[in-house]
Amino acid sequence: MEESKVNNPIETEGDMEILDMEPELHEFVRESDIGKNLKRKKRWPGDGLPDWLWPAVGGVVFLAVILCGILWLKVAAVTVILVAVLEEVLAYCLYHAPLWLHGAVIVMNVVLGMIFPVLVFMILANLIYVSGVWAFYQGESW
């Protein structure tokens, strides 16, 4: 009678059945096995590119907007540099924020550009903000 208990993992106690099974542990799962159940692997734009590329793109956009603001749009240099630095600081502070907050920042930049007669420059400042957020987000993986 003991042999039937070993071969049969189900025991009955009164009107209840008790399963004699050990829980499965997933502690030692290899990292290569984690994504096997996914139909398609998620890819981010920029996967496989060098890590230094996105901060470099952010820096080039930063300098290009400063030069365009001063030389092409004839905005005072102090104003251009101050707005550019403030946009970069704002990008650093909010790069983990939800998407709607980034949209609100961009809309506020455009509204400020309409209030003060520098709409084109504030649209360029949005480029600094967007490239800064993207560069900080991508640079986080370093």
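It should be noted that the structure appears before, not after, this text.
The following refers to the structure shown.

Procedures and definitions
Residues numbered from 1 in each chain as written. Predicted model: local features only at pLDDT ≥ 70, side-chain atom pairs only at ≥ 80, totals over all residues. Heavy atoms only, no water. Patch = residues over 30% accessible without salt bridge, like charges linked within 9 Å, V, L, I, M, F, W, Y side chains within 5 Å. Areas by Shrake-Rupley, 256 points an atom, 1.4 Å probe, with all protein chains shown as cover. Salt bridge = Lys/Arg side-chain N within 4 Å of Asp/Glu carboxyl O. Helix = DSSP H or I, 4+ residues; strand = E, 2+ residues; numbered from the N terminus. Expected span 1.5 Å × (residues − 1). Buried < 20%, exposed > 50% of the residue type's maximum accessible area, 1.4 Å probe, protein only. Arc of directions from axis to C-beta. Contact = heavy atoms within 4.5 Å.

Our focus in this paragraph is a nonpolar patch on the surface. Residues Val107, Met108, Val111, Leu112, Ile115 and Phe116 make up a contiguous nonpolar surface patch of about 550 Å² in total accessible area. Here valine 111 is to be found in helix H5 (residues 99-115).

With that settled, the discussion passes to helix H3 (residues 53-72). Between its first and last C-alpha atoms H3 spans 27 Å; for 20 residues at 1.5 Å apiece the expected length is 28 Å, and the two agree. The set of residues buried in H3 consists of Gly58, Phe62, Val65, Ile66 and Gly69. Taken down its axis, H3 places every buried residue within 95 degrees of arc, on the same side. Seen from the open side of H3, the exposed residues pointing more than 90 degrees away from its buried face are Val60, Leu63, Leu71 and Trp72. Against the buried residues of H3 lie helix H4 (77-94) and helix H6 (119-139).

With respect to the element layout, alanine 77 can be found in helix H4. Alanine 77 sits 11 residues away from isoleucine 66 along the chain, and the two C-alpha atoms are 8.1 Å apart.

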